[in-house]
Amino acid sequence: MKVLIVEDDPLHRSYLHEAVSAALPECDLVIEAENGTLGEKLARDHKSAHVVMDLQMASRNGIEAARTIWKERPDTRILFWSNYADEAYVRGVSRIVPDGAAYGYVLKSASDERLKLALRSIFVEAQCVIDREVRGMQQKSLGQTRGFTDSEYEILVDIALGLTDRAIARRRNLSLRSVQNRLQALYEKLEVYQTAGMDDEEGRFNLRARAVTVAFLRKLLNYSALERAEAELADWLKTG
């Protein structure tokens, strides 16, 4: 058995290496990658390797790396090991898991024994292991967003950030009409209505709509997910 650890923190990599060795005596090779890009390459080189994946990494995050790995080899068993159980990550993982895949989502705050049990359950017994807090966020996410699709959820975040229809279209590579159709469906689900207002100079923010709807929408969304979305938006504005 081979296990690939994808983790950008050297102390966490060392801890995972020890946990894998203790939990999986049948493992004869532990491979380490310090970011998602290298993780993808090593997963490709070691085709039968199981993967322990951090989610938040500076160079290509865990969701992006796992998507590539699963696209190339859908039967790969992946344990996501993360500090975060927020909506953005929970939805991101759920969106990319292939049908029938054995995978797990365990928080870094879990005990040593919990981690070792997850490693054996996923990599040896091909079971799925999801921490209770993560499972709770999955249920909370579905309840709060009333069953929105992933594309609707992305636009919901954009609305909460105050972007106009035109800015959303540019950011999501959609036509203006597609964005407006999706917004109409969202407004109906949320039972809120867009208030006409003045755009800023570049047509990115509808200031009155932001004032009317943002406070309400933020109640539906996880705070840390929005905080991360705001950072991504800042990067997009710099490059856009």
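In the block above lies the structure referred to throughout.
Procedures and definitions
- Residues numbered from 1 in each chain as written.
- Predicted model: local features only at pLDDT ≥ 70, side-chain atom pairs only at ≥ 80, totals over all residues.
- Heavy atoms only, no water.
- Helix = DSSP H or I, 4+ residues; strand = E, 2+ residues; numbered from the N terminus.
- Buried < 20%, exposed > 50% of the residue type's maximum accessible area, 1.4 Å probe, protein only.
- Contact = heavy atoms within 4.5 Å.
- Areas by Shrake-Rupley, 256 points an atom, 1.4 Å probe, with all protein chains shown as cover.
- Polar contact = N/O pair within 3.5 Å; in protein donor to acceptor, adjacent residues only side chain to side chain.
- Core = buried A, V, L, I, M, F, W, Y, C linked by side-chain atoms within 4.5 Å.

Undergrad: What am I meant to see in the overall build of the chain here?
TA: Secondary structure assignment for the chain yields eleven helices and six strands. Out of the 240 residues in the chain, the part that is buried amounts to 49%. Sequence-distant contacts in the chain: of pairs separated by 6 or more residues, those separated by 24 or more amount to 72%. Per element, the accessible surface of the chain, about 12100 Å² overall, is 49% carbon and sulfur.

Undergrad: Looking at this model, I keep getting lost on the side chain of S121. Mind explaining?
TA: With respect to the helices, strands and loops of the structure, S121 is situated in helix α5 (residues 112-123). S121 gets classed as buried once you look at its relative accessible area, which sits at 8%. Within the structure, the side chain of S121 is placed 2.8 Å from the backbone oxygen of L117, a separation counted as a polar contact. Beyond its immediate sequence surroundings of up to four residues, S121 is in contact with A126, Q127 and V129.

Undergrad: Please explain the nonpolar core as it appears in this structure.
TA: Proteins that are soluble and globular tend to have nonpolar side chains buried together. Ranked by size, the top nonpolar core spans 30 residues in total, and within it L4, M53, W70, I78, F80, V93 and Y105 carry the most contacts. Only β1 (2-6), β2 (29-33), α2 (36-45), β3 (50-53), α3 (62-72), β4 (78-82), α4 (87-96) and β5 (103-107) provide two or more residues apiece to this core. Discounting chain neighbours no more than four positions away, the residues touching I78 are V51, M53, A66, I69, W70, A102, Y103, G104, I122 and F123. Core analysis: the next-biggest nonpolar cluster, separate from the first, contains 20 residues, V3, L16, A23 and V106 among them.

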